[in-house]
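Descriptive structure summary
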Amino acid sequence: MFKASRGAVRDVVFVDGVRTPFGKAKGVYAETRADDLVVRVIRDLLRRNPSLPPDRVDDVAIAATTQIGDQGLTIGRVAGILSGLPESVPGYAIDRMCAGAVTAVTTTASAIGIGAYDVAIAGGVEHMGRHPMGEGVDPNPRFVSEKLVDPSALVMGMTAENVHDRYPAITKARADAYAVRSQEKVAKAYADGRIQPDLVPVAARHAESGWEYVTVDEPPRPGTTVEGLAGLKTPFRPHGKVTAGNSAGINDGATGCILAAGEVADELGLTKKMSLVGFGFAGVAPEVMGVGPIPSTEKALARTGLTIDDIGLFELNEAFAVQVLAFLDHFGIDDDDPRVNPFGGAIALGHPLASSGVRLMTQLAREFEEHPEVRYGMTAMCVGFGMGATTIWENPHHGA
């Protein structure tokens with residue numbers, strides 16, 4: 001076993017990432033437990049990486065935003081046991097809302113970097129059909145009574161409308177056009193076989209249709225048009241700009257990845273799909289949580305000594321089109337820049353909250369393989385209650 005000497009930091013690599021196909025709330029996974037989705041992910045990671053002895057996994061970190069029911073009971077531990085990992089492998093649950101899986105990755109990666117772990121499994125799950133966002137929460141009344149937070153901060157769609165107010169150049173038509181491109185890119189990525197290799201098929205039972213084998217994402221709406229989106233209702237504000245068409249849906253799904261120290265990956269014969277360069281988390285006013293990725297990206301870039309021009313691929317979570325467009329405007333990136341979400345994003349694929357961060361990373365790793373000319377890539381996302389999360393990765397295929 002390798003150990004870092006005092007003061008040394010080891011390279012941390014992304015070995016592999018997978019996810020279940022994402023479903024619509026009360027859709028294909030209506031009768032499937034959240035913890036069983038995580039089990040499918042962990043088992044498939046081990047199947048795809050047979051040179052990794054299960055007892056070399058030092059920890060299992062699984063995020064969930066709503067940690068109750070089948071997403072409770074320290075889901076990282078129970079899913080590890082259910083998946084067949086040795087009892088000696090510990091696990092835990094983690095929550096940073098939409099950035100839960102990102103935090104699972106950065107937390108375990110930090111432990112690998114200082115030599116506390118050699119290998120870890122990190123990911124997230126959200127069964128929003130069974131556990132709607134906010135289920136069981138009891139916000140402290142001081143938030144409103146002492147005017148610490150604008151009441152709109154508690155409704156994500158209203159925060160997106162607030163971002164539209166802050167960025168008047170981001171019109172509804174522009175948001176709809178971005179959403180259509182996301183749908184088109186996902187359809188093309190599926191047609192080209194770029195998404196399927198990292199999907200874990202799930203046998204799921206539905207009360208009406210019986211058993212089915214889920215092999216593709218349920219949310220995409222191929223054929224979506226700007227004209228079709230133009231007439232959708234704006235449920236968060238009369239005559240607003242945020243609709244179901246230019247937002248991510250209410251979804252179910254799980255993700256997971258294997259992280260390892262670089263020298264341990266070499267020892268075990270594991271692949272190195274990406275190397276972690278750095279990361280940043282930042283807070284913003286909760287009522288405009290969609291701008292969170294801007295300061296988190298600025299922090300990550302500053303701490304790694306990079307600039308936005310060094311980033312050759314972006315995987316930006318599309319909680320709302322306006323949130324992505326605000327990021328692009330801030331950094332001077334065109335709406336249709338080919339570096340941004342080349343396989344499409346959450347507006348089409350779905351956003352099962354705590355799981356989405358590893359989906360971004362898995363897609364970025366796949367894109368790195370196709371683009372050896374790119375050295376650095378980034379994943380970034382907004383986070384509920386006013387935060388942003390950014391990770392920066394290096395492409396091991398660069399220059400090959």
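Our subject in this report is the structure included herewith. Since the model is a prediction, treat every value here as computed from it, not as a measurement.

1. Re helix H3 (residues 100-113)
With 14 residues, H3 extends 20 Å from end C-alpha to end C-alpha; this agrees with the ideal 20 Å at 1.5 Å per step. Burial analysis of H3 places 12 of its 14 residues in the buried class, the great majority of the element. Residues of H3 that are buried: Gly100, Ala101, Val102, Thr103, Ala104, Val105, Thr106, Thr108, Ala109, Ala111, Ile112 and Gly113. Directly beyond the C-terminal end of H3, a positive phi value near 90 degrees is found at Gly115.

2. A closer look at the packing of H3 against helix H12 (residues 356-370)
Across the interface, H3 lies against H12 with an axial gap of 5 Å and an inter-helix angle of 70 degrees. Relative to H12, the element H3 lies roughly perpendicular. Side by side, H3 and H12 meet where Ala101, Val102 and Val105 of the first sit next to Gly357, Val358 and Met361 of the second. Residues of the contact of H3 with H12, tallied by class, amount to 5 nonpolar, 1 polar and no charged.

3. Concerning unusual backbone geometry
Within the chain, Leu73 stands out as a residue other than glycine whose phi angle is a positive 60 degrees. Here Leu73 shows up in the loop between strand E3 (59-63) and helix H2 (75-82). The class for Leu73 is exposed, based on a relative accessible area of 71%. You will see that Asn341, though not glycine, has its phi angle at about 45 degrees, which is positive. Following the sequence through the fold, Asn341 ends up in the loop between helix H10 (321-330) and helix H11 (346-349). The buried category is assigned to Asn341, whose relative accessible area is 0%.

4. Considerations on the environment of Thr297
One can find Thr297 in helix H9 (residues 293-304). Relative accessible area serves as the criterion here: at 0%, Thr297 is assigned to the buried category. For the pair Thr297 and Thr66, spaced 231 residues apart in the sequence, the C-alpha separation amounts to 26 Å. Residues in contact with Thr297, not counting those within four places in the same chain, are Ile308, Phe327, Phe331, Met378, Ala380 and Thr390.

5. Re the pairing of strand E11 (residues 376-383)
Of all 8 residues making up E11, 8 are buried, and the element is well covered by its neighbours. Neither face of E11 is open: one carries Tyr376, Met378, Ala380 and Cys382, the other Gly377, Thr379, Met381 and Val383, and all of them are buried. As defined by bridge partners, strand E10 (residues 311-316) adjoins E11 across 5 bridges and the pair is classed as parallel. Residue pairing across strands places Ile311 opposite Tyr376, the latter belonging to E11. For E11 and strand E12 (residues 387-394), the ladder comprises 8 bridges, and the chain directions are antiparallel. In the sheet register, Cys382 faces E12, and the bridge partner there is Gly388. Counting the residues in the hairpin turn of E11 and E12 gives 3 residues, including Phe385, whose phi is positive at 65 degrees.

6. Some remarks on the nonpolar core
Among the nonpolar cores identified, the biggest contains 73 residues, and Val125, Leu259 and Trp393 are the most heavily contacted of them. Membership of the second largest hydrophobic core comes to 39 residues, among which are Phe314, Leu316, Ala319 and Leu325.

7. What to know about the pattern of salt bridges
Using the criterion set out here, one finds 24 salt bridges in the structure. Between Asp118 and Arg10 there is a salt bridge whose closest N-O contact spans 3.0 Å. A residue pair is termed long-range when its members are at least 10 positions apart, and Asp118 in the loop between H3 and strand E5 (119-127) and Arg10 in the segment before strand E1 (12-19) qualify at 108 residues. Of the two residues, Asp118 and Arg10, neither departs from the other in class, the shared state being buried. Shared partners join several salt bridges into a network, and the residues in it are Asp16, Arg48, Asp198, Lys273, Arg366 and Glu369.

8. Describing the side chain of Asp16
Summarising the element assignment, Asp16 is placed in strand E1. A relative accessible area of 3% means that Asp16 is categorised as buried. Among the polar contacts made by the side chain of Asp16, one reaches the side chain of Arg48 at a distance of 2.9 Å. Ignoring anything within four residues of it in the chain, the contact list for Asp16 reads Leu45, Arg48, Asn49, Gly256, Cys257, Ile258 and Lys273.

9. Structural notes on the pairing of strand E6 (residues 202-206)
Along any regular strand, the residues point their side chains to alternate faces of the sheet. Residues Val202, Ala204 and His206 line the buried face of E6, whereas the alternating positions Ala203 and Arg205 sit on a face that is not buried. Between E6 and strand E7 (residues 210-214), which pair antiparallel in sequence order, lie 3 residues.

10. With respect to the packing of aromatic side chains
With the rule as written, the count across this model stands at 5 aromatic pairs. On the basis of an interplanar angle of 80 degrees and a centroid distance of 5.8 Å, the ring pair of Phe14 and Trp393 is categorised as edge-to-face. Note that Phe14 is positioned in strand E1 and Trp393 in strand E12, a separation of 379 residues in sequence. Across this residue pair, the class does not change: Phe14 and Trp393 are buried.

Rules and cut-offs
- Residue numbers restart at each chain and count upward from 1, following the sequence in its written direction.
- Local features in this predicted model are restricted to residues of pLDDT 70 or higher, and side-chain atom pairs are both shown and tallied only at a pLDDT of 80 or more, whereas totals for entire chains, interfaces and linings draw on every residue.
- Hydrogens are left out, water is left out, and the side-chain values use all remaining heavy atoms of the structure.
- Helix and strand assignments come from DSSP, with helices taken as H or I runs of at least 4 residues and strands as E runs of at least 2, each series counted from the N terminus.
- Here the expected span of a helix is defined as 1.5 Å times the quantity of residues minus one.
- Throughout this description, buried means an accessible area under 20% of the type-specific maximum (1.4 Å probe, protein chains only), exposed means over 50%, and partly exposed covers the range between.
- Where helices are involved, their axes are fitted lines through C-alpha atoms of the stretch in contact, as for all axes, and angles between N-to-C directions lie from 0 to 180°.
- Any angle between 65 and 115 degrees counts as roughly perpendicular, while under 35 counts as roughly parallel, over 145 as roughly antiparallel, and the rest as oblique.
- When checking whether two residues touch, look at their non-hydrogen atoms; a contact exists if any pair is within 4.5 Å.
- Just so you know the grouping, Ala, Val, Leu, Ile, Met, Phe, Trp, Tyr, Cys and Pro go in nonpolar, Asp, Glu, Lys and Arg go in charged, and all remaining residues, Gly too, go in polar.
- Note: two strands are recorded as paired if DSSP finds a minimum of 2 bridges between them.
- As used in this record, nonpolar core signifies buried Ala, Val, Leu, Ile, Met, Phe, Trp, Tyr and Cys residues forming a set joined through side-chain atoms within 4.5 Å.
- Salt bridge criterion: a side-chain nitrogen from Lys or Arg within 4 Å of a carboxyl oxygen from Asp or Glu.
- Throughout this description, a polar contact denotes any pair of N or O atoms lying within 3.5 Å of each other; where both atoms belong to protein, one of them has to be capable of donating a hydrogen while the other can accept it, and for residues adjacent in sequence the pair is counted only when both atoms sit in side chains.
- Here a pair means two rings of Phe, Tyr or Trp (six-membered ring of Trp) with centres within 6.5 Å. Their orientation is stacked below 30 degrees between planes, edge-to-face above 60, and tilted elsewhere.

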